[in-house]
Amino acid sequence: MEAERPLETIRQDIGRQEKRRPIFNQYHRQLLDPLRDRDWVSSSKLPDHPGTTLALLRNGWMERRSTGEGVEYRMTEAGLTELSRPR
């Protein structure tokens, strides 16, 4: 049996885990909603929120590709999981 850990150590570990997990907020949800069908969507059809777009790309909730017509985005499996979670 594993030895008991002090309560303060457990709290610190929980705090570290919470800091590692990115927060999925309403702005992320609004930008991912048009991508729900999982097809590539032109950037011109999405709201112009570069900070939110960057956060979604950085967290792996959305992916980007460049084509001859411009930039397109698509939701990833991780993005669909976050979008499906209850608020």
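Along every chain, residues carry numbers that run from 1 in the direction the sequence is written. A pLDDT threshold of at least 70 governs which residues receive local features in this predicted model, and a stricter bar of 80 or more applies before side-chain atom pairs are shown or counted, although totals over entire chains, interfaces and linings include all residues. Heavy atoms from the whole structure form the basis of all side-chain values; hydrogens and water molecules are not counted.

Chemist: Please clarify how the environment of aspartate 33 should be interpreted in this entry.
Modeler: You can see aspartate 33 is positioned in the loop between helix H2 (26-32) and strand S1 (41-42). Per-residue accessibility, obtained with a 1.4 Å probe over protein chains only, is compared with the maximum for each type, and a residue is labelled buried under 20%, exposed over 50%, and partly exposed between these values. The class of aspartate 33 is partly exposed, set by a relative accessible area of 42%. The numbering of helices and of strands both runs from the N terminus, where a helix is a DSSP run of H or I of at least 4 residues and a strand a run of E of at least 2.

Chemist: What's the story with the pairing of strand S3 (residues 71-75) in this structure? I'm lost.
Modeler: For a regular strand, side chains alternate in direction, first toward one face of the sheet and then toward the other. When you tally the buried positions in S3, you get four out of five residues, the bulk of the element. Pairing of S1 with S3, which is carried by two bridges, proceeds in the antiparallel orientation. Residue pairing across strands places valine 41 opposite tyrosine 73, the latter belonging to S3. Any two strands are treated as partners once DSSP identifies two or more bridges connecting them. Pairing of strand S2 (residues 62-66) with S3, which is carried by five bridges, proceeds in the antiparallel orientation. Residue serine 66 lies in a different strand from S3, and its bridge partner there is valine 71. What sits between S2 and S3 in their antiparallel hairpin is a turn of four residues, with glycine 70 showing a positive phi close to 145°.

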